[in-house]
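# Tertiary structure, described
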Amino acid sequence: MSGVRSAAVTMAASCSRFALAMRSTRRISLLSLCLLILCGCATLPPGTKRDPRDPWERMNRASYKFNDVVDRSIVKPVARGYTHLPQPVQSGVHNFFDNLDYPVTIVNDLLQGQLKPFFSDIGRFLLNTTVGLGGLFDPATAAGMEKNNRDFGQTLGKWGVPKGPYIVVPIFGPYDVRDGIGSITVDYYANPRSYTPFWVNTSLWLVRGVDRRAGLLPLDATLQSAYDPYAFIRNAYLQNRDFKVRGDQPETEQEQEQKMIEEATQEESEGAQPVPPQPETPKPETPQPQSQPPQAPQPQQPPPPPQPPQAPQPSSSMPGPAAPEALAAR
């Protein structure tokens with residue numbers, strides 16, 4: 001009887017696992033089908049030039065539309081409600097998640113060979129975790145310890161790995177291939193949230209997303225005024241990632257964010273918006289050295305009237321021109 005019972009329990013467990021697998025497969029298939037339908041409906045705005053960094057633009061625009069619908073209907077209203085919480089609560093939540101994700105920066109400090117920031121970031125993490133009550137407060141910044149922000153996608157870029165095409169992932173947002181690989185490998189295992197139960201990790205991820213979205217609410221007006229919001233976000237993301245790989249990070253996150261917005265606005269206005277044809281202005285002709293104008297012919301003076309021949313005068317010496325004629329008359 002015990003063997004039959006154990007076999008029945010095993011069979012029931014297998015059936016339940018199979019049913020769960022089929023249910024998840026069905027959901028993934030439905031999601032893929034919806035994305036394919038959206039991809040077929042995605043079109044490029046008129047006058048938009050194709051960006052070589054974005055070869056999957058039609059698919060990415062479909063994913064962007066899906067994410068935009070989710071943002072407008074769910075995420076943005078929740079983020080607006082979150083901003084009504086007292087400011088100390090918002091600051092505590094933001095500091096907590098910054099400190100919780102900070103081991104990702106510490107690991108990438110070591111992988112990039114940044115030894116001084118590596119030891120400084122370890123001290124920052126320990127100080128905020130202990131004195132800052134689990135990261136709710138940020139005494140490390142008050143103590144003058146610099147805050148860094150590094151990830152494995154940036155580390156791969158420092159190692160010379162190309163970033164690959166730009167891609168927009170449903171729900172998760174924009175990436176490039178290099179950053180996507182970094183987020184699901186080293187960054188995933190370096191984050192302490194990955195070692196918590198699934199529902200705890202998911203809940204923390206959702207609250208972290210709302211906190212980040214609340215910080216981006218002031219940029220909504222800039223995004224809505226853009227001619228092509230998709231191109232604006234793409235340019236801002238790619239410029240930010242290139243800056244992190246090739247340039248030095250600014251002193252604060254606000255300076256980095258402001259620089260990213262200004263560069264993205266300039267590139268989006270130059271590339272995405274169709275330029276109206278401008279009338280060609282005539283080029284100024286270079287003055288050629290002018291030759292002197294021909295002078296008007298001056299009226300010739302009439303020749304003087306012929307004078308009457310004078311009578312030959314005798315000369316004591318040589319005869320004049322009339323001397324031969326006079327000699328012949330004689």
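A brief structural summary. (Residues numbered from 1 in each chain as written. Predicted model: local features only at pLDDT ≥ 70, side-chain atom pairs only at ≥ 80, totals over all residues. Heavy atoms only, no water.)

## Overview of helix 12 (residues 229-246)
The condition that has to hold: Helix numbering and strand numbering both begin at the N terminus, where a helix is a DSSP run of H or I of at least 4 residues and a strand a DSSP run of E of at least 2. By this rule the span expected of a helix is its residue count minus one, scaled by 1.5 Å. Burial status follows relative accessibility: with a 1.4 Å probe on protein chains alone, a residue under 20% of its type maximum counts as buried, one over 50% as exposed, and anything between as partly exposed.
With 18 residues, helix 12 extends 26 Å between its outermost C-alpha atoms, agreeing within 8% with the 26 Å of an ideal straight helix rising 1.5 Å per residue. In terms of burial, helix 12 is a largely internal element, 14 of the 18 residues being buried.

## So, the packing of aromatic side chains
For any pair of aromatic rings, geometry is given as the distance between the ring centres together with the angle between the planes. Selection rule: In this analysis, rings of Phe, Tyr and Trp, with Trp reduced to its six-membered ring, are considered paired at centre separations within 6.5 Å, and the interplanar angle assigns stacked below 30 degrees, edge-to-face beyond 60, and tilted for intermediate values.
Applying the stated criterion across every chain yields a total of nine aromatic pairs. Between Phe-96 and Phe-97, the ring centres sit 5.3 Å apart and the planes meet at 75 degrees, which makes this aromatic pair edge-to-face. Geometrically, the ring pair formed by Phe-198 and Trp-199 is edge-to-face, given 5.2 Å between the ring centres and 75 degrees between the ring planes. A residue is classified by how much of its surface remains accessible, and Phe-198, at 58% relative accessible area, is exposed. On the basis of relative accessible area, Trp-199 is assigned to the exposed category, the value being 65%.

## Side note on the pattern of salt bridges
Two side chains of opposite charge can pair, provided their charged atoms sit close to one another. Let me state the cut-off plainly: For salt bridges, the criterion is a side-chain nitrogen of Lys or Arg within 4 Å of an Asp or Glu carboxyl oxygen.
If you walk through the whole model with that rule in mind, you get 20 salt bridges. We note a salt bridge from Arg-213 to Asp-71, for which the minimum N-O separation is 2.7 Å. One end of the pair, Arg-213, is in helix 10 (residues 198-215); the other, Asp-71, is in helix 2 (residues 57-82), with 142 residues separating them in the sequence. Both residues of the pair, Arg-213 and Asp-71, belong to the buried class. Two residues, Asp-211 and Arg-208, come together in a salt bridge whose shortest N-O distance is 3.8 Å. Of this pair, Asp-211 and Arg-208 both sit in helix 10, three residues apart, which is roughly one turn of that helix. Like Arg-208, Asp-211 is buried. Here the salt bridges do not stand alone but share partners, grouping Asp-51, Arg-53, Asp-54, Glu-57, Arg-61, Asp-228 and Arg-234 into one network.

## Some points on the packing of helix 4 (residues 102-111) against helix 5 (residues 115-130)
Inclusion rule: Axis lines are fitted to C-alpha atoms, over the contacting stretch for helices. Their N-to-C directions set the angle, which ranges from 0 to 180 degrees. The labels follow the angle: roughly parallel below 35 degrees, roughly antiparallel above 145, roughly perpendicular from 65 to 115, and oblique for the rest. A crossing counts as left-handed when the near helix is turned anticlockwise from the far one by less than a right angle, and as right-handed when that turn is clockwise. In this description, contact between two residues means that some pair of their heavy atoms is separated by no more than 4.5 Å.
At a closest axis distance of 8 Å, the pairing of helix 4 and helix 5 adopts a crossing angle of 160 degrees. Between helix 4 and helix 5, the angle is such that the two are roughly antiparallel. The chirality of how helix 4 crosses helix 5 is left-handed. Here Tyr-102, Pro-103, Thr-105, Ile-106, Asp-109 and Leu-110 of helix 4 lie close against helix 5, whose contacting residues are Leu-115, Pro-117, Phe-118, Asp-121, Ile-122, Arg-124 and Phe-125.

## So, the nonpolar core
So the rule is basically this: Working definition of a nonpolar core: buried Ala, Val, Leu, Ile, Met, Phe, Trp, Tyr and Cys residues. They are joined through side-chain atoms within 4.5 Å.
Core analysis: the biggest nonpolar cluster contains six residues, these being Tyr-64, Tyr-166, Val-168, Tyr-230, Tyr-237 and Leu-238. If you list the elements that add at least two residues to this core, you get strand 1 (166-169) and helix 12. The element contributing the most residues to this core is helix 12, with three residues. Discounting residues that sit within four places of it in the chain, Tyr-166 has contacts with Arg-53, Asp-54, Trp-56, Asn-60, Pro-174, Tyr-175, Asp-176, Tyr-230, Ile-233, Arg-234, Tyr-237 and Leu-238. Ala-79, Val-210, Ala-214 and Leu-217 belong to the second-largest nonpolar core, a separate cluster that totals five residues.

Keep in mind these values describe shape, not function.
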